[in-house]
Amino acid sequence: KAGVTQTPRYLIKTRGQQVTLSCSPISGHRSVSWYQQTPGQGLQFLFEYFSETQRNKGNFPGRFSGRQFSNSRSEMNVSTLELGDSALYLCASSLVGENYGYTFGSGTRLTVV
Amino acid sequence: AQTVTQSQPEMSVQEAETVTLSCTYDTSESDYYLFWYKQPPSRQMILVIRQEAYKQQNATENRFSVNFQKAAKSFSLKISDSQLGDAAMYFCAYKGEGAQKLVFGQGTRLTINP
């Protein structure tokens, strides 16, 4: 079956713009979480959605937001982009029994110039 | 808050040999799960192996095995018969029971020398 699909794979934006990233989970997976990966900070949790509800949020400013649709697809949005937002954004999906591990997508590489 | 520490930023090993990657974590929880993920240049994080804290038996997946020491809060990954395809960043991750997120270590870059 298809894995976790993230689009686009690469994105270049200018400071001050906003961006929307998309994630389609594995069929049947209802939990979707997002992570930011940078060389300096490593992998940091952004937020997690289950059945269209945000259940947990990491320590990121309000410029970072997300949502989940009824088909479990998720989007994350970053407004007023800053240079420091340049990162690899990874999406992961899981079954309700999350303890069995998460399946990750290949990420979206965002560059802010 | 839980933390995960990988003290080896880089490791290298000869093809066909065995290598061990270290991971320690800090938590006050008694029920949790530990994972090793591999991230090749393709960027996708791939689950290598998982361990439930309540299980004393160390997890094994083919050439990959862990040494889980709960009292010492240590969770090392052993890769036997290293192959060129094992070259990647390896991340140790922690998940508390009932938590909806993974806490990652900083990663270890593994190089396989032919």
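Located above this text is the structure these notes cover.
A. Region of interest: the interface of chain B and chain A. At the interface, 19 residues of chain B touch 25 residues of chain A. Between chain B and chain A, a total of about 1900 Å² is buried, with carbon and sulfur atoms accounting for 48% of that surface. Applying the counting criterion to the chain B and chain A interface returns 0 salt bridges. Applying the counting rule to chain B against chain A returns 7 residue pairs in polar contact (both at pLDDT 80 or more). Secondary structure elements with two or more residues in the side of chain B that touches chain A: strand 5 (32–39), strand 6 (46–52) and strand 10 (88–96) of chain B. No other element matches strand 5 of chain B, which puts 4 residues into the side of chain B that touches chain A. Classifying every residue of the side of chain B that touches chain A gives 9 nonpolar, 5 polar and 5 charged.

B. View of the layout of surface pockets. Of the pockets and cavities examined, the largest pocket occupies roughly 470 Å³. A:Gln37, B:Gln39, B:Met89, B:Phe91 and B:Arg109 are, among the 21 residues lining the largest pocket, the residues nearest its centre. Broken down by class, the residue content of the lining of the largest pocket amounts to 10 nonpolar, 7 polar and 4 charged. Considered as a void within the structure, the second largest pocket measures approximately 350 Å³ in volume. Lining the second largest pocket we find 16 residues, and of these A:Leu43, A:Gln44, A:Phe45, B:Val103 and B:Phe104 sit closest to its centre.

C. Region of the structure containing the state of the cysteines. Residue and element names in this part refer to chain A. By the definition in use, this model includes 2 disulfides over all chains. What pairs with Cys 23 in a disulfide is Cys 91, and their sulfur atoms sit 1.8 Å apart. Handedness here is read from the sign of the S-S torsion; for Cys 23 and Cys 91, about -60°, the answer is left-handed. Of this pair, Cys 23 sits in strand 3 (residues 19–24) while Cys 91 sits in strand 9 (residues 87–94), and the two are 68 residues apart along the sequence.

D. The arrangement of the pairing of strand 4 (residues 31–38) of chain A in detail. Residue and element names in this part refer to chain A. Counting buried residues in strand 4 gives 8 out of 8 residues, a clear majority hidden from the surface. Taking every second residue as pointing to the same face, both faces of strand 4 are buried, with Ser 31, Ser 33, Tyr 35 and Gln 37 on one and Val 32, Trp 34, Gln 36 and Thr 38 on the other. With 8 bridges connecting them, strand 4 and strand 5 (residues 42–50) associate as antiparallel partners. Bridge pairing links Tyr 35 to Phe 45 in strand 5.

E. Geometry of the environment of B:Lys78. Residue and element names in this part refer to chain B. Within the element layout of this structure, Lys 78 appears in strand 9 (residues 74–79). With a relative accessible area of 36%, Lys 78 lands in the partly exposed category. With 59 residues separating them along the chain, Lys 78 and Val 19 place their C-alpha atoms 5.7 Å apart. Excluding its chain neighbours within four sequence positions, the residues that come into contact with Lys 78 are Thr 18, Val 19, Thr 20, Arg 63, Phe 64 and Ser 65.

The rules behind these values
Residues numbered from 1 in each chain as written. Chains lettered and ligands numbered in written order. Predicted model: local features only at pLDDT ≥ 70, side-chain atom pairs only at ≥ 80, totals over all residues. Heavy atoms only, no water. Contact = heavy atoms within 4.5 Å. Buried area = accessible area lost by both parts, 1.4 Å probe. Salt bridge = Lys/Arg side-chain N within 4 Å of Asp/Glu carboxyl O. Polar contact = N/O pair within 3.5 Å; in protein donor to acceptor, adjacent residues only side chain to side chain. Helix = DSSP H or I, 4+ residues; strand = E, 2+ residues; numbered from the N terminus. Nonpolar A, V, L, I, M, F, W, Y, C, P; charged D, E, K, R; others polar. 1 Å grid on protein atoms, 1.4 Å probe; cavity = no way out; pocket = protein on both sides within 12 Å on 5 of 7 lines; lining within 4 Å. Points joined across faces, edges and corners; volume = space filled by probe spheres on them. Disulfide = S-S within 2.5 Å. Buried < 20%, exposed > 50% of the residue type's maximum accessible area, 1.4 Å probe, protein only. Pairing = 2+ DSSP bridges.

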